[in-house]
Amino acid sequence: RERFWSLGVTGYGGFFSLPFLGRSIFDFDGEKQWGVSMDYSMNSRRVWLLGEVALSQDLGVAMTNTLLIRPLNELQFVLNHRYFSPKYHAFWANATSSLSGVNGEHGVSFAMEMPVGRGKKLSFLTDVYKVLESDVRLATQVGYELRGEFDGRFGDKVVLNSSLRYKERP
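Residues numbered from 1 in each chain as written. Predicted model: local features only at pLDDT ≥ 70, side-chain atom pairs only at ≥ 80, totals over all residues. Heavy atoms only, no water.

### Quick word on the overall build of the chain
Threshold: Secondary structure follows DSSP: runs of H or I at least 4 residues long count as helices, runs of E at least 2 residues long count as strands, and numbering of each begins at the N terminus. Any two residues whose heavy atoms approach within 4.5 Å are treated as being in contact.
In terms of helices and strands, the chain carries zero helices and nine strands. Across the chain, helices and strands are ordered from the amino to the carboxyl terminus as β-β-β-β-β-β-β-β-β. Sequence-distant contacts in the chain: of pairs separated by 6 or more residues, those separated by 24 or more amount to 42%.

Below, the structure is given as structure tokens:
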């Protein structure tokens, strides 16, 4: 919490006794897999910038970058940009994509969270993404999600968690 910046590098190598056979054109095939990534974060009292850039054996690139601004302790805005090349594949990758995978997507999301009284908050999310390649013809290559949430405590015994979401997938 006291550091202004941090930088990390991760390397991965996998060697398999039997060849891995992918289930789609996005999956990895073969007996060996490698990847390398660099993650970073820079923060001040109210602004954080963090992200990661990764490269896999087929020179597939994956990156995610997030800007978080917290003007007040209870109020925050988050902007995230992500790009997952169709060639990128790593078994250890943790997806933040709308398609629940780590390849073939380019997207951006905006979220905010704000208090609306003691023990109550509203959250909003907008996410838009584009499918980069597909092994099937899609009606549209663009998807999006709109979501609003309310979380609140009413006295000692009543808690209300509600969510409203509209999602359009490719």
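Past the structure itself, the notes keep going.
### Observations regarding the pattern of salt bridges
Defined as follows: We count a salt bridge whenever a side-chain nitrogen from Lys or Arg sits within 4 Å of a carboxyl oxygen from Asp or Glu. Relative accessibility thresholds used throughout: buried, under 20% of the residue-type maximum; exposed, over 50%; partly exposed, between the two (1.4 Å probe, protein chains only).
Following the criterion strictly, the structure yields five salt bridges and no others. In this structure, R82 and E105 form a salt bridge, with 2.7 Å as the shortest nitrogen-oxygen distance. Of this pair, R82 sits in strand β5 (residues 75–84) while E105 sits in strand β6 (residues 105–115); the two residues are 23 residues apart in sequence, bridging distant segments of the chain. Pair check on accessibility: R82 and E105 agree, each one buried. Across the pair R147 and E145 runs a salt bridge, and its minimum N-O distance is 2.9 Å. Each of R82, E105 and D127 takes part in salt bridges that share partners, so that together they form one network.

### As for the sheet that holds β6
What counts, and what does not: Each pair of strands is called paired provided DSSP finds at least two bridges between the two strands. The angle between two axes is taken between their N-to-C directions and runs from 0 to 180 degrees, where each axis is a line fitted to C-alpha atoms and a helix contributes only its stretch in contact.
A sheet is described by the order of its strands in space; here nine strands give the open sequence β1-β2-β3-β4-β5-β6-β7-β8-β9, paired in antiparallel fashion. Because the sheet does not close on itself, it has two edges, and the strands there are β1 (5–20) and β9 (158–168). Across the sheet, the axes of successive neighbouring strands diverge by a mean angle of 10°, strand direction being ignored. Note that β1 and strand β2 (residues 30–43) share 12 bridges and pair antiparallel. For F15, the partnering residue across the bridge sits in β2 and is K32.

### Considerations on the packing of aromatic side chains
Keep this limit in mind: Aromatic pairs are defined between Phe, Tyr and Trp rings, using the six-membered ring for Trp, whenever the two ring centres lie within 6.5 Å; interplanar angles under 30 degrees are classed as stacked, those over 60 as edge-to-face, and all others as tilted.
Tallied over the full model, the rule gives three aromatic pairs. Measuring from centroid to centroid gives 6.3 Å for F77 and F110, while their planes differ by 20°, and the two rings are stacked. In this pair, F77 sits in strand β5 while F110 sits in strand β6, placing the two residues 33 residues apart along the sequence. Relative accessible area serves as the criterion here: at 37%, F110 is assigned to the partly exposed category. With centroids separated by 6.3 Å and ring planes inclined at 35°, the aromatic side chains of F150 and F154 adopt a geometry described as tilted. Owing to a relative accessible area of 39%, F154 belongs among the partly exposed residues under this scheme.

These values are about where atoms sit, not about what they do.
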